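Overview (structure and organization)
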Amino acid sequence: MKKIVVEGLKYRYPLTQDLALKGISFEIEQGEFVGIIGQNLSGKSTLCQALMGLVPHFYKGGYGGSVLVDGLNVERSEICELAQKVGLVFQNPFTQVSGSKMTVFEELAFGLENLGVARDQMKPRIESAMALLGISRFSQRNPFDLSGGQMQRMAIASVIAMEPEIIVLDEPTSQLDPQGSEEVFQAIQQLSKNGMTVIMVEHKIEKIARYSDRVMLLHQGAIVDFDTPERIFSRDDLADYGIEAPVFARVCRGLGIRNPASGLYPMTLDDAYDQVVNWHE
Amino acid sequence: MKALSLYQDKGTFIHRVDSRSKLLYILAAILIPAVLHGFTVGLVLMALSLFLLVVAKVIRKVIPLVGFSFLILISVVVIQGLFYPGNRHVWFALGGLRFYQEGLVFSAGICVRVLNILCAVSILVLTTRPSDLIESLVRLGLSPHLGYVLSSVLQIIPQMTSTMETITDAQRSRGMETEGSLLVRIKAFLPLIGPVVMNSLVNTRERSLALEVRAFSSRAKKTFLNPPPGGMVNQVLPIVLLLAMVAAVVWRVLQ
C-alpha cells in the first residue's frame, strides 16, 4: 500500500528567492524504512516538514505540487489532523520539551492529552514508548534535568506514544553516543517491523546503509537518486553531492571487492567480511 | 532544577487537597474577615492558616514572605498611627511624634487582613505543584493555550537564565570583561544580550513547531493524564467553604 505519494513538490520559504524544494516526486510504501541523505541545505528538513504539513501551513511561502499522506492531501489538511497520522522528531531535543510538565511521564502524556486520548489508554502507551526507548527509569524526573541524549530519547518516545502510522525523524541521534544511537536505531527498526513507516534524515551513513530499505539522496532541493542503499552507495559520483559511502563500502571499493551477484559494494561490516573472505579464497 | 516556584514537595495531607479547595480557602480568608467586624474572625482564620502551614511542614518557608511584608506593614502602622483622620486619643509619644489609639487599631486591622491573605495564599503556593494548579484551572474552563503559557513560563524562564549564564561564561572565556565599573558592565551587556535574544527567538520558533507536532492546536476535547481530584475531602471541603462564606454574608446582612 502506498503510504506517501509526493508529486512535483515545490516550495519556497517566505522572503527568499530560491526554491528549497525543486519539484520532488516519490512514493513510499507502508512499513518501509527510508533514509534521507544529502549535504546541508539540500532540503532534507524542509521535506520532512512538508510531510507533516508544517510546510506550508506553519511557514506559509510558495507551494506547488501535492503531498498525499495516507490519502490525506497535506495542503488541504490541518496540522493537527496530520499529527494523528504523522509523528515528527526534530534534531534539537531541548526545544522539543513542552516545558509545561514536571515529569517525563507527564511530558509523554502531553501529546495524548491534546489528542483527547482516554485516560486508561494513556498509561500503557506511555509505558511502552518509554520501555522501547529505554527511559523507563527516568519517568519521575524533571524533563529539563535529563542529559542531551536522554532528552533526545524522550523526544522520540513522546512522538511514539502518540502512535502515528508514519514517523519522520530529522537527525534524531545527534546528541547520542555510538551505543545510544545504535539502541535508538534498533528501537526504530522494531517499529518499522511492526508496520510503522519510517523516514529518517541522518548523517551517520553506516547506520543508514545498514537499517534503511531505501535511501533518498537529495542535492540542492532535488532528488538525485532513490534506491537501495547498495545501489546508492555504489555510485561513483557520491563526492559530487558531498556524501561519503559507508566505510566498509569505501574499503572494498579501494580493494576492488564487489558482491559478485549484484556487482555492488558491501554496505555493512558482516557483508564486507563475507566478501573479503570470499575474495581471498 | 531551578524553577520559578515556591512549591515544597513534602507529601503531607495538605499537599493532596485539591487546588480548587485551596483557591476557595483564599477567597474565604479574604471575604469572611472583610464582611464581619472586628479582629477576632481574622485572627482565628490566621491561626487556622498557620496551623495548616505547620501541618504541611512548610511554615519555615512562610517566614521570609512574612518578613518581607513586615517592611510595608510597619510603614502602614507608623503612618496610620500618626495621621489617621479619626485620631483622637494619644496612646504614646516618641520624641515629639504622637501615636494615636484609633490609627493604631485601624492599622492593626489592616495588618491582620494582609497577613491573613498572605498565609492563605502561602498554603496554595507552597503545597501545590504549579502544573496541578494550572491543570485544575484548565479543567474549570481556562483556555489550554493560556494554561500552557502560564505553566511553561515557570520552567522556560529558568532555562533562559541558564542560557544567559552559559553565554556569559563563553564570552568571559574569550576575554570579555563582565565585572568591574558600571561602564565596563554596560559595554559587556550588548554582546551578552544579543545572543540570548537571538537564541530565544530561534528556540521559540522550534518549540512552537514541536508543539504543533504534538497536536497542540488540536480541536479534540482535551483529556488529562491525572484523574480528577476525588475523595470525600475534596467533595466536602469546597461546599463547607462556600457555606461558610454565605453564612458570613447572611450574618452581616441580618445584623
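Residues numbered from 1 in each chain as written. Chains lettered and ligands numbered in written order. Predicted model: local features only at pLDDT ≥ 70, side-chain atom pairs only at ≥ 80, totals over all residues. Heavy atoms only, no water.

**Concerning the overall build of chain B**
Here is the rule we go by: Segments assigned H or I by DSSP are reported as helices when at least four residues long, segments assigned E as strands when at least two residues long, and all are numbered from the N terminus. All radius of gyration figures rest on C-alpha atoms, and the globule criterion is 2.2 Å times the number of residues raised to 0.38. Partly exposed residues are those whose accessible area sits between 20% and 50% of the maximum for their type, while under 20% is buried and over 50% is exposed, using a 1.4 Å probe and protein chains only. Residue contacts are defined here by distance: any two heavy atoms, one from each residue, within 4.5 Å place the two residues in contact. The Shrake-Rupley method, run with a 1.4 Å probe, gives the accessible areas here. Residue values count only the displayed protein chains as cover. We score Asp and Glu as negative and Lys and Arg as positive, and we do not count His or the chain ends. To locate a charge, take NZ of a lysine, CZ of an arginine, CG of an aspartate or CD of a glutamate.
Regarding its fold elements, chain B presents 9 helices and 2 strands. Each helix and strand of chain B, placed in order from N terminus to C terminus, yields the pattern α-α-α-α-β-β-α-α-α-α-α. In summary, chain B has a C-alpha radius of gyration of 25 Å against a globular reference of 18 Å for 255 residues, an excess of more than 25%. Taking the principal axes of the C-alpha coordinates as reference, chain B spans close to 70 × 55 × 30 Å. Put simply, chain B has 255 residues, and 37% of those count as buried. Long-range contacts, defined here as pairs at least 24 residues apart, represent 69% of the contacts in chain B between residues at least 6 apart. When the accessible surface of chain B is totalled, it reaches about 15100 Å², and 71% of it is carbon and sulfur. In chain B, 24 positive and 11 negative side-chain charges are present, and the distance between their average locations comes to 7 Å.

**Describing the overall build of chain A**
The helix and strand inventory of chain A stands at 11 helices and 10 strands. In summary, chain A has a C-alpha radius of gyration of 20 Å against a globular reference of 19 Å for 281 residues, a match within 12%. With respect to the three principal axes, the spread of C-alpha positions in chain A is 60 × 45 × 35 Å. Counted over contacts in chain A with a minimum sequence separation of 6, partners at least 24 positions apart contribute 63%.

**Remarks on the interface of chain B and chain A**
Applicable threshold: As used here, buried area is the combined drop in accessible area, with a 1.4 Å probe, of two parts when they are placed together. The rule for a salt bridge is simple: a side-chain nitrogen of Lys or Arg has to be within 4 Å of a carboxyl oxygen of Asp or Glu. N or O atoms within 3.5 Å of each other form a polar contact, as long as, within protein, one can give a hydrogen and the other can take it, and as long as residues adjacent in sequence are counted only when both atoms are side-chain atoms.
Facing the 37 residues of chain B at the interface are 43 residues of chain A. Carbon and sulfur atoms make up 56% of the area that chain B and chain A hide from each other, which totals about 3400 Å². Where chain B touches chain A, the interface holds 4 salt bridges. For A:Glu78, the salt bridge is made with B:Arg219, and the minimal N-O distance between the two is 2.7 Å. Along the contact surface separating chain B from chain A lie 18 residue pairs in polar contact (both at pLDDT 80 or more). Those elements giving two or more residues to the side of chain B that touches chain A turn out to be helix 6 (130–139), helix 7 (144–173) and helix 8 (182–213) of chain B.

**So, the packing of aromatic side chains**
To keep it simple, the criterion reads: Each aromatic pair joins two rings of Phe, Tyr and Trp (for Trp, the six-membered one) with centres within 6.5 Å, and gets the label stacked for planes under 30 degrees apart, edge-to-face for over 60, and tilted for any other angle. For a lysine, the NZ atom is tested; for an arginine, the CZ atom; a charge sits over a ring if that atom is within 6 Å of the ring centre and within 35 degrees of the ring normal.
With the rule as written, the count across this model stands at 11 aromatic pairs over all chains. Between the aromatic rings of A:Tyr11 and A:Tyr13, the centroid separation amounts to 5.0 Å while the plane-to-plane angle is 80 degrees, which identifies the pairing as edge-to-face. Taken together, a centroid distance of 5.1 Å and an interplanar angle of 20 degrees make the contact between B:Phe92 and B:Phe99 stacked. Within the aromatic cluster, the residues linked to one another by ring pairs are A:Tyr11, A:Tyr13, A:Phe58, A:Tyr59 and A:Tyr63. If you follow A:Arg214 out to its NZ or CZ, it ends over the ring of A:Phe226, 4.1 Å from the centre. One cation-aromatic arrangement involves B:Arg139 over B:Phe224; the distance from NZ or CZ to the ring centre is 4.3 Å.

**Structural notes on the pairing of strand 10 (residues 222–227) of chain A**
Residues and elements named next belong to chain A. Using the following cut-off: Two strands are said to pair when DSSP picks up at least two bridges between them.
Sheet topology note: the strand 9 (residues 214–219)/strand 10 ladder contains 5 bridges and is antiparallel. Bridged to Met216 within strand 10 is Phe226. Between strand 9 and strand 10, which pair antiparallel in sequence order, lie 2 residues; one of them, Gln220, sits at a positive phi of approximately 50 degrees.

**A few points about the sheet that holds strand 2 (residues 21–29) of chain A**
Spatial strand order, 2-1-4-5 (chain A): 4 strands in an open sheet with antiparallel pairing. Both edges of this open sheet fall to strand 2 and strand 5 (72–73) of chain A, since each of them pairs with a single strand only.

**Remarks on the domain arrangement of chain A**
Residue and element names in this part refer to chain A. Worth spelling out the cut-off: Note that domain bounds follow an automatic or database assignment of domains.
Under the domain assignment, chain A is made up of domain 1 (1–85 + 167–229) and domain 2 (93–163). Inter-centroid distance (C-alpha atoms) of domain 1 to domain 2 is 23 Å. Counting residues at the interface gives 16 residues for domain 1, matched by 14 residues for domain 2. For the pair domain 1 and domain 2, the summed buried area comes to about 1100 Å², and 70% of that belongs to carbon and sulfur atoms. Applying the counting criterion to the domain 1 and domain 2 interface returns 1 salt bridge.

**Brief notes about the pattern of salt bridges**
Counted by the stated rule, this structure contains 27 salt bridges over all chains. With a closest N to O distance of 2.7 Å, B:Arg129 and A:Glu106 form a salt bridge. Note that B:Arg129 is positioned in the loop between helix 5 (101–127) and helix 6 and A:Glu106 in helix 4 (residues 104–115), a pairing that runs across two chains. Looking at B:Arg129, the relative accessible area reads 18%, which means it is buried. Taken together, the shared-partner salt bridges connect A:Lys3, A:Asp70, A:Lys85 and A:Glu165 into one network.

**As for unusual backbone geometry**
All names here are of chain A. Cis geometry is adopted by the peptide bond preceding Pro56, which originates at Val55 and carries an omega value of 5 degrees. Here Pro56 shows up in helix 2 (residues 54–57). Although it is not a glycine, Lys60 sits at a positive phi angle of roughly 65 degrees. Unlike most non-glycine residues, Glu171 shows phi in positive territory, near 50 degrees.

**Observations regarding the domain arrangement of chain B**
Domain boundaries assigned for chain B yield domain 1 (13–128 + 228–254) and domain 2 (143–213). Distance between the C-alpha centres of domain 1 of chain B and domain 2 of chain B: 38 Å.

**A short note on helix 1 (residues 44–52) of chain A**
Residues and elements named next belong to chain A. Within helix 1, 8 of the 9 residues are buried, which leaves the element mostly enclosed by the surrounding structure. Taken residue by residue, helix 1 has Lys44, Thr46, Leu47, Cys48, Gln49, Ala50, Leu51 and Met52 as its buried positions. Backbone geometry just after helix 1 places Gly53 at a positive phi near 90 degrees.

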